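Understanding the architecture of this molecule
Here's the letter readout for the chains.
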Amino acid sequence: MSERQREISLDTFAATRGEALTLDVREQGEYAAGHVPGAVLVPMSRLANRLGELDKSRPIHVICASGNRSLAMVDLLVASGFDAVSIAGGTQAWLSSGHPVETGL
């Protein structure tokens, strides 16, 4: 059997994002400059200390700028009992595809 899926495509994310928590693990300035509407900011450096704030019964879609930080945070979340996947291409791909963004905190 193949390794558990760690990443989903941008199209899959766009189609299913209402079913999961979108967790943005970038830094505050990056998030404020533009993020997926409804994404919750928990910077990568703070995620381990904030796991207790997350709902283990709900899937989590993790996003960063390009997909590298989010993959690392998916490993942490899965090891902690969460159902989490990274969004391939991250916020850069979301913006490049013409999807809506919010700015500010």
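Nothing here was measured: the structure is a model prediction, and the numbers come from that model.

Thresholds applied
- Residues numbered from 1 in each chain as written.
- Predicted model: local features only at pLDDT ≥ 70, side-chain atom pairs only at ≥ 80, totals over all residues.
- Heavy atoms only, no water.
- Helix = DSSP H or I, 4+ residues; strand = E, 2+ residues; numbered from the N terminus.
- Rg over C-alpha atoms; globule rule 2.2 N^0.38 Å.
- Buried < 20%, exposed > 50% of the residue type's maximum accessible area, 1.4 Å probe, protein only.
- Contact = heavy atoms within 4.5 Å.
- Areas by Shrake-Rupley, 256 points an atom, 1.4 Å probe, with all protein chains shown as cover.
- Lys, Arg positive; Asp, Glu negative; His and termini not counted.
- Charge placed at Lys NZ, Arg CZ, Asp CG, Glu CD.
- Pairing = 2+ DSSP bridges.
- Axes fitted to C-alpha atoms, helices over the stretch in contact; angles between N-to-C directions.
- Phe/Tyr/Trp six-rings, centres within 6.5 Å; stacked < 30°, edge-to-face > 60°.
- Lys NZ or Arg CZ within 6 Å of the ring centre and 35° of its normal.
- Core = buried A, V, L, I, M, F, W, Y, C linked by side-chain atoms within 4.5 Å.

1. Here's the deal with the overall build of the protein
Scanning the protein from N- to C-terminus turns up five helices and five strands. N-terminal to C-terminal, the α/β element order of the protein is β-α-β-α-β-α-β-α-β-α. Here the protein has a C-alpha radius of gyration of 13 Å; the compact-globule value for 105 residues is 13 Å, and the two agree. Here the protein, with 105 residues, has 41% of them falling under the buried criterion. A fraction of 66% describes how many contacts in the protein between residues 6 or more apart in sequence connect residues 24 or more apart. A total accessible area of about 5,400 Å² is found for the protein, and carbon and sulfur atoms account for 50% of it. When the 9 basic and 12 acidic side-chain charges of the protein are each reduced to a single mean position, those positions are 4 Å apart.

2. Re the sheet that holds strand β2 (residues 21–24)
Spatial ordering of the open sheet is given by β1-β5-β4-β2-β3, a layout of five strands whose pairing is parallel. The open sheet terminates on both sides in strands that have one partner only, identified here as β1 (7–8) and β3 (40–41). The pairing of strand β4 (residues 60–63) with strand β5 (residues 84–87) spans three bridges and is classified as parallel. Paired with Val62 across the strands is Ser86, a residue of β5. Of the strands in this sheet, β1, β2, β4 and β5 are in contact with helix α4 (residues 68–79), which crosses β5 at around 175 degrees.

3. Looking at the packing of aromatic side chains
Scanning the model with the defined rule gives one aromatic pair in all. Residue placement shows Lys56 over the ring face of Phe82; its charged tip is 5.4 Å from the ring centre.

4. Focus on the nonpolar core
One finds Leu23, Val25, Leu47, Leu54, Ile60, Val62 and Leu77 to be the most contacted residues of the largest nonpolar core, which totals 15 residues. Residue assignment for this core shows that the elements contributing at least two residues are β2, β4 and α4. Ranked by the residues each element gives to this core, the list is headed by α4, at three residues. Among all residues touching Val25, those that are not within four sequence positions of it are Val42, Pro43, Met44, Leu47, Val62, Ile63, Cys64, Arg69, Ser70 and Met73. One finds Val85, Ile87, Ala93 and Trp94 within the second-largest nonpolar core, a separate group that totals 12 residues.

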